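Residues per chain, in single letters:
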Amino acid sequence: MTMPFYVAPEQVMKDRAEYAQKGIARGRSLIATAYADGVLIVAENPSRSLHKISEIYDRIAFAGVGKYNEYDQLRVAGVRHADTKGFAFSREDVDARSLANLYAQYLGNVFTHEMKPLEVEILVAELGANGRPDQLYHVAYEGTITDEDRFAVLGGEAETISERFAADWQPDRDRAEAIRAAVKALAGPQRTLGPNDLEVAVLSRENGRRAFRRITDGELAQILEGVEPSPAEASSPAKAAESSPRTSGGADDQAAVESGG
Amino acid sequence: MALPLFHPTEDPGPDFSSLLRRTGLPAVPAVPQGTDFAASVRHATTVVALRFADGVVMAGDRRATEGHAIAHRAMEKVFPADHYSAVAIAGAAGFAVEMVRLFQTQLEHYEKVEGVNLSLEGKANQLAQMVRQHLPLAIQGLAVVPLFAGYDTARGAGRIFTYDVTGGHYEEADYQATGSGGRDARTTIKLGFREGLSRSEGVELAIQALYEAADEDSGTGGPDVVRGIYPTVSVVTADGYREVPEEEVAARFQALIDRKRAERETVGGPVSGGPATGGPVTGGPVTGGPVSGGEPS
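Residues numbered from 1 in each chain as written. Chains lettered and ligands numbered in written order. Predicted model: local features only at pLDDT ≥ 70, side-chain atom pairs only at ≥ 80, totals over all residues. Heavy atoms only, no water.

A. Local environment of the overall build of chain A. Secondary structure assignment for chain A yields 9 helices and 10 strands. A total of 261 residues make up chain A; the buried ones form 52% of that total. Looking at chain A alone, contacts between residues at least 24 apart form 63% of all its contacts between residues at least 6 apart. Element-wise, carbon and sulfur atoms account for 52% of the exposed surface of chain A, whose accessible area totals about 12,200 Å². (Helix = DSSP H or I, 4+ residues; strand = E, 2+ residues; numbered from the N terminus. Buried < 20%, exposed > 50% of the residue type's maximum accessible area, 1.4 Å probe, protein only. Contact = heavy atoms within 4.5 Å. Areas by Shrake-Rupley, 256 points an atom, 1.4 Å probe, with all protein chains shown as cover.)

B. Quick peek at the overall build of chain B. Counting secondary structure elements, chain B contains 7 helices and 14 strands. Sequence separation of 24 or more characterises 68% of the internal contacts of chain B that already satisfy a separation of 6 or more. A total accessible area of about 12,400 Å² is found for chain B, and carbon and sulfur atoms account for 53% of it.

C. Expanded view of the packing of aromatic side chains. All names here are of chain A. Applying the stated rule across the entire model yields 12 aromatic pairs over all chains. Measuring from centroid to centroid gives 5.5 Å for Tyr68 and Tyr71, while their planes differ by 80°, and the two rings are edge-to-face. Separated by 3 residues within a single helix, Tyr68 and Tyr71 lie in helix H2 (residues 68–88), roughly one turn from each other. A relative accessible area of 29% means that Tyr68 is categorised as partly exposed. Ring pairing ties together the aromatic residues Phe151, Phe165 and Trp169, which thus form one cluster. (Phe/Tyr/Trp six-rings, centres within 6.5 Å; stacked < 30°, edge-to-face > 60°.)

D. Here's a closer look at the nonpolar core. All names here are of chain B. Among the nonpolar cores identified, the biggest contains 37 residues, and Met75, Val87, Ile89, Phe103, Leu127, Phe148 and Tyr163 are the most heavily contacted of them. Sorting the residues of this core by element identifies helix H1 (16–22), strand E6 (78–82), strand E7 (85–92), helix H2 (93–114), helix H3 (120–133), strand E8 (144–152) and strand E9 (157–163) as the ones contributing at least two each. By residue number, the principal contributor to this core is H2, which donates 10 residues. Apart from the residues lying within four places of it in its own chain, the contact partners of Phe103 are Ala81, Val87, Lys123, Gln126, Leu127, Met130 and Phe148. (Core = buried A, V, L, I, M, F, W, Y, C linked by side-chain atoms within 4.5 Å.)

E. Looking closely at the sheet that holds strand E8 (residues 151–154) of chain A. Residues and elements named next belong to chain A. Within the open sheet, the 5 strands sit side by side as E8-E1-E2-E9-E10. Their pairing is antiparallel. Sheet topology places E8 and strand E10 (212–215) at the edges, where each strand pairs with a single neighbour. Put simply, the sheet's adjacent strands are angled 15° from each other on average, direction ignored. Seen against the sheet, helix H4 (residues 158–167) touches strand E1 (30–35) and E8 and runs at an angle of roughly 150° to E8. Taken strand by strand, helix H6 (residues 217–225) contacts strand E9 (198–204) and E10, and its axis lies near 70° from that of E10. (Pairing = 2+ DSSP bridges. Axes fitted to C-alpha atoms, helices over the stretch in contact; angles between N-to-C directions.)

F. Spotlight on the environment of A:Glu142. All names here are of chain A. One can find Glu142 in the loop between strand E6 (135–139) and strand E7 (145–148). Residues Glu142 and Leu40, 102 residues apart in the sequence, show an inter-C-alpha distance of 25 Å. Setting aside chain neighbours within four positions, we find Glu142 in contact with Leu107, Gly108 and Phe111.

G. Focus on helix H3 (residues 96–113) of chain A. Spanning 18 residues, H3(A) covers 26 Å between terminal C-alpha atoms, matching the ideal 26 Å at 1.5 Å per step. By the burial criterion, the buried members of H3(A) are A:Ala96, A:Ser98, A:Leu99, A:Ala100, A:Leu102, A:Tyr103, A:Ala104, A:Leu107, A:Gly108, A:Val110 and A:Phe111. (Expected span 1.5 Å × (residues − 1).)

H. Quick look at H2(A). Along its 21 residues, H2(A) runs 30 Å from first to last C-alpha, staying within 8% of the 30 Å computed at 1.5 Å per residue. The buried count for H2(A) comes to 17 of 21 residues, which makes it a mostly enclosed element.

I. Representation of the sheet that holds E7(A) in the model. All names here are of chain A. Read from one edge to the other, the open sheet built from 5 strands follows the order E3-E4-E5-E6-E7, with strand pairing classed as antiparallel. The sheet is open, and its two edges are formed by strand E3 (53–57) and E7, each paired on a single side. Averaged over neighbouring strand pairs, the angle between their axes works out to 25° when direction is ignored. Relative to E7, E6 is paired through 4 bridges, and the arrangement is antiparallel.

J. Spotlight on the packing of helix H1 (residues 9–26) of chain A against H3(A). All names here are of chain A. Axis separation between H1 and H3 bottoms out at 10 Å; the angle between their running directions is 125°. Between H1 and H3, the interaxial angle falls into the category oblique. On the side of H1, the interface is formed by Met13, Arg16 and Ala17, while H3 contributes Phe111, Thr112 and His113. Considering only residue class, the contact of H1 with H3 consists of 3 nonpolar, 2 polar and 1 charged. (Parallel < 35°, antiparallel > 145°, perpendicular 65-115°, else oblique. Nonpolar A, V, L, I, M, F, W, Y, C, P; charged D, E, K, R; others polar.)

K. Molecular detail of the pattern of salt bridges. Under the counting rule described, the total for this entry stands at 39 salt bridges over all chains. In this structure, the salt-bridge partner of A:Asp134 is A:Arg205, at a minimum N-O distance of 3.1 Å. One end of the pair, A:Asp134, is in the loop between strand E5 (120–126) and E6; the other, A:Arg205, is in the loop between E9 and E10, and 71 residues separate them in sequence. A:Asp134 gets classed as buried once you look at its relative accessible area, which sits at 12%. Residue classification places A:Arg205 among the partly exposed residues on the basis of a relative accessible area of 41%. One salt bridge in this structure joins B:Lys77 and B:Asp61, with 2.6 Å as the shortest N-O distance. (Salt bridge = Lys/Arg side-chain N within 4 Å of Asp/Glu carboxyl O.)

L. Looking closely at the side chain of B:Glu172. Locating B:Glu172 in the fold gives a position in strand E10 (residues 169–172). In terms of polar contacts, B:Glu172 uses its side chain to reach the side chain of B:Gln176, at 3.1 Å. (Polar contact = N/O pair within 3.5 Å; in protein donor to acceptor, adjacent residues only side chain to side chain.)

M. Just the pairing of E7(B), in detail. Residues and elements named next belong to chain B. Counting buried positions over the 8 residues of E7 gives 8, a clear majority of the element. With 2 bridges connecting them, strand E1 (residues 42–44) and E7 associate as antiparallel partners. Across the sheet, residue His43 finds its bridge partner in E7, namely Ala92. Taking the residues between adjacent antiparallel strands as the criterion, E6 and E7 are bridged by 2 residues. Of the pairings in the sheet, the one linking E7 to E8 comprises 7 bridges and is antiparallel in character. Residue pairing across strands places Ala90 opposite Val145, the latter belonging to E8.

N. Main features of the confidence of the model for chain A. The share of residues in chain A with pLDDT of 70 or more is 87%, and the mean pLDDT across the chain is 86. Note on residues 232–261 of chain A: pLDDT under 50 across the span, and 60 contacts to partners over four residues away in sequence or across chains. (pLDDT = per-residue confidence, 0-100.)

O. Geometry of the pairing of E8(A). Residue and element names in this part refer to chain A. A two-sided burial pattern is seen for E8, the buried positions comprising Phe151 and Val153 on one face and Ala152 and Leu154 on the other. One ladder, built from 4 bridges, connects E1 with E8; its direction is antiparallel. If you follow Ala32 over to E8, its bridge partner there is Ala152.

P. How the structure looks around the confidence of the model for chain B. All names here are of chain B. Summary statistics for chain B give a mean pLDDT of 86 and a share of 85% for residues scoring 70 or more. Within the model, the stretch residues 273–297 combines pLDDT values under 50 with 43 contacts to residues more than four positions away or in other chains. The ipTM for the predicted assembly is 0.84, set against a pTM of 0.85.

The following block contains the structure:
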């Protein structure tokens, strides 16, 4: 009878952590930061269609680094969780904290029980409402969850980028300034990043019910060159549709639909 | 609630109804067989939709009835489905409102999961499936008949779809009305409709249609000047879904009432039954065939 090799649990965990870290380090990083109107997320991503940053719900955004198929699966699960919860209860009851906890539990579970840990780091950002501040939840590959209220950096070079970004951190910057600072920190002293290397999105208090909006290449190019885009270009149809005033009749069933709408 | 993760072979994809079934929330409620159940359930009544130069106008009265009694005076029947489309409901109010909520969530869910919007035709088909699932209840007298209209960004035009209880859906060329006062509303629009109406003319025609429907049908609520409750009117164009401000609707109804009163005084007797608009009479209502499923829009 052959005896299985004994491997110390410390060693198993160490190996898994190393494996996950290596996978994450291969991908590019992203920065999420609070700015004057909400939360800004800037990711280094040359792809136009395979997104790192996405909308989860009215005031919640998702960002992931590492292996695309793994964090995209988590993104879809997040959308499903939020939409089901909002449908079963009400839109107000969907919050980032419970979603971040679910992600943390799942990642932690996979890390300890499965052969291969997930090679991802995840960010769940929530735009504050009713006096609650904006919140950034950073979930690591092994399920560690941290909440930040200034900024969070995810990815392989998180520490160096974090130092660079913290060095010239200011609260309540406007959108263009915050984008330029984040791009500068992501690029570092050696490189410059253009609009084609970046994916940028905001959760903005200006956007009505669905706060998430991507900043497109043209608009981003202008911001990076230091020209503020005109308000006409910046406005989206989503904004107009969602912020249109609703007449209130005080009906119960109508209120249910409004909050469900 | 656990994180809804699925094995790749069992993934529900962007279908929210299917997701609900898997997570154990019933998408369609089950109701026991019963007789004359319908009379004790709230019903919503007349809604209209018509095409104009830049898109579509959709409007609905505010009354809900329970049998012969008025159950609600300020019910809302016209809703945004998403940025570029609107849905209006007639029929059993409870189910209809729930169907709208499911439809709205479905469209947003698809958009978020897939990263693109459904085509207008795709949205119309989605709603048809929901109406079809409701058929067993419709047979028991709890029918839900929605009206769906939107701005087709690919074609650059407004389009209107009507439904029957079996989920059959048909594209209308110009206008449609449904609900208990639908017939009167439709006749009014028929007489006033022409190609290329402006926004203002389109909104006015929808308001006239609801006025005439309320005049003839007990289930349809007219403008409630005492309480300040007016029908809701929305417009969908290339700029997206917009609700017509209540002040504008109120002013238009007031002007219509003033015109009616003036007509009555000049005639010196009861107003003759003809419709208020004197527009050219177009042919009968033109109905398009059933929507072909795979046709790109």
